Amino acid sequence: MAASLFLLSLFISSLLFSSSSAGNFKKDVIVTWGDERAKILDGGKQITLSLDEWSGSGFESKNQFLFGRIDMDLKLVPGNSAGTVTAYFLSSQGPEHDEIDFEFLGNETGEPYTVHTNVFTQGHGGREQQFSMWFDPTEDFHTYSIIWNSQQIIFMVDEIPIRVYQNLEESGVPFPSKKPMRLYSSLWNADSWATQGGKIKIDWKKAPFKASYRNFRAAACVWTSSSSSCSGKTTTNSLISTSKWMNQELDYKALKKLQWVQKTYMVYNYCTDYERFIYGVPFECTHDVSNRQRS
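Residues numbered from 1 in each chain as written. Predicted model: local features only at pLDDT ≥ 70, side-chain atom pairs only at ≥ 80, totals over all residues. Heavy atoms only, no water.

### Side note on the overall build of the protein chain
Here comes step 1: Summing up its helical and strand segments, the protein chain has four helices and 16 strands in all.
Here comes step 2: Within the protein chain, contacts between residues at least 6 apart in sequence are counted, and of these 68% link residues at least 24 apart.
Here comes step 3: As presented, the protein chain carries roughly 14,000 Å² of accessible surface, and 51% of it is formed by carbon and sulfur atoms. (Helix = DSSP H or I, 4+ residues; strand = E, 2+ residues; numbered from the N terminus. Contact = heavy atoms within 4.5 Å. Areas by Shrake-Rupley, 256 points an atom, 1.4 Å probe, with all protein chains shown as cover.)

The structure is reproduced here in structure tokens:
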């Protein structure tokens, strides 16, 4: 009974959040590759990406951001999506780039998607956490959010935190805090590794594969000409309070949701990969916020 009430509360919170209005893809993004495989629809309210044997497709935000909250509603490739990856991430440029990743790894029909998260700093990643979801992400749109402030990065799905990466720069752990990033998204062929380590390849008879996006929201500090819009206390969008995301942390209720997701739906955590880290896990793993207040 308690579990049912908990899931109901999650569902209600996702419905409340999904009612927010949104930006316009015609004004906010640029289609960067894939030609007609990327389509902006409904006057800019929606965009679809597709993948076939010849090419995938992708887009990027016109603005660069240095801290902010980024939200997007996605509906992933349905059916047999094995070998495909739908990527949704923030990234700076250059060989020592920073990056904050959501990647959705397709699977055979009936098998769950894998939601892959990662954080790159100074060109180095390797901080993977992977999850299945408590719903089918191909049946309807769900909201995937990145909250990035000077204290931490919070990955959220339908307002439910699934991962937190804290700023531990004072302890010598790199954190993406100095390089502006754009939002990027793409649908591409990754069958060399995406599904069961590359064992399951793309079935091109099912092509074209399609992912859909709507409700892009960026409550963020826009970076232009080496300065931040937040120096003037303005953001690209006032739908979400600047002060809220700038200082957002997890309260007790949100922390319990995070712990529930990580206990029930996490399928890989680099912090517990002791074969990979035979001399001890990275320092940030011992300061994981999700380990607090467990009961």
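### Re the confidence of the model for the protein chain
Here comes step 1: When pLDDT is averaged along the protein chain, the result is 89, and 87% of the positions lie at 70 or above.
Here comes step 2: Within the model, pLDDT remains below 50 along residues 1–21, and this stretch shows 18 contacts once partners closer than five positions in the same chain are excluded. (pLDDT = per-residue confidence, 0-100.)

### With respect to the pattern of salt bridges
Here comes step 1: Evaluated as defined, the whole model comprises nine salt bridges.
Here comes step 2: One salt bridge connects Arg182 with Glu60, and the closest N-O pair in it is separated by 3.9 Å. With Arg182 in strand 13 (residues 182–189) and Glu60 in strand 4 (residues 57–61), the pair connects residues that are 122 residues apart, well separated along the chain.
Here comes step 3: By relative accessible area, which is 22% here, Arg182 ends up partly exposed.
Here comes step 4: Using a relative accessible area of 19% as the deciding quantity, one classes Glu60 as buried.
Here comes step 5: Arg214 is paired through a salt bridge with Asp73; the nearest N and O atoms lie 3.6 Å apart. Remark: Asp73 occurs in strand 5 (residues 65–75) and Arg214 occurs in strand 14 (residues 209–224); sequence separation between them is 141 residues.
Here comes step 6: A relative accessible area of 29% means that Arg214 is categorised as partly exposed. (Salt bridge = Lys/Arg side-chain N within 4 Å of Asp/Glu carboxyl O. Buried < 20%, exposed > 50% of the residue type's maximum accessible area, 1.4 Å probe, protein only.)

### Observations concerning empty space enclosed by the protein
Empty pockets left among the atoms are what a rolling probe the size of a water molecule brings to light.
Here comes step 1: Under the defined criterion, the tally for this structure stands at one cavity of 30 Å³ or more.
Here comes step 2: Approximately 110 Å³ is the volume found for the largest cavity.
Here comes step 3: Along the wall of the largest cavity there are 13 residues; nearest its centre are Val164, Tyr165, Gln166, Glu284 and Asp288.
Here comes step 4: At four residues, strand 12 (residues 160–166) tops the list of elements feeding residues into the lining of the largest cavity.
Here comes step 5: In terms of residue class, the lining of the largest cavity is built from seven nonpolar, three polar and three charged. (1 Å grid on protein atoms, 1.4 Å probe; cavity = no way out; pocket = protein on both sides within 12 Å on 5 of 7 lines; lining within 4 Å. Points joined across faces, edges and corners; volume = space filled by probe spheres on them. Nonpolar A, V, L, I, M, F, W, Y, C, P; charged D, E, K, R; others polar.)

### Re the state of the cysteines
Here comes step 1: Applying the stated criterion to the full structure yields two disulfides.
Here comes step 2: A disulfide bridge connects Cys221 with Cys230, and the sulfur atoms are separated by 1.9 Å. Residues Cys221 and Cys230 are joined through a disulfide that is left-handed, its torsion about the S-S bond being -95 degrees.
Here comes step 3: Take Cys230: its relative accessible area is 12%, and that puts it in the buried class. (Disulfide = S-S within 2.5 Å.)

### Side note on the environment of Lys45
Here comes step 1: Inspection of the secondary structure puts Lys45 in the loop between strand 2 (39–41) and strand 3 (46–51).
Here comes step 2: Judged by relative accessible area, which is 61%, Lys45 ranks as exposed.
Here comes step 3: Leave out the neighbours within four places in its chain, and Lys45 touches Phe25, Tyr213, Arg214 and Asn215.

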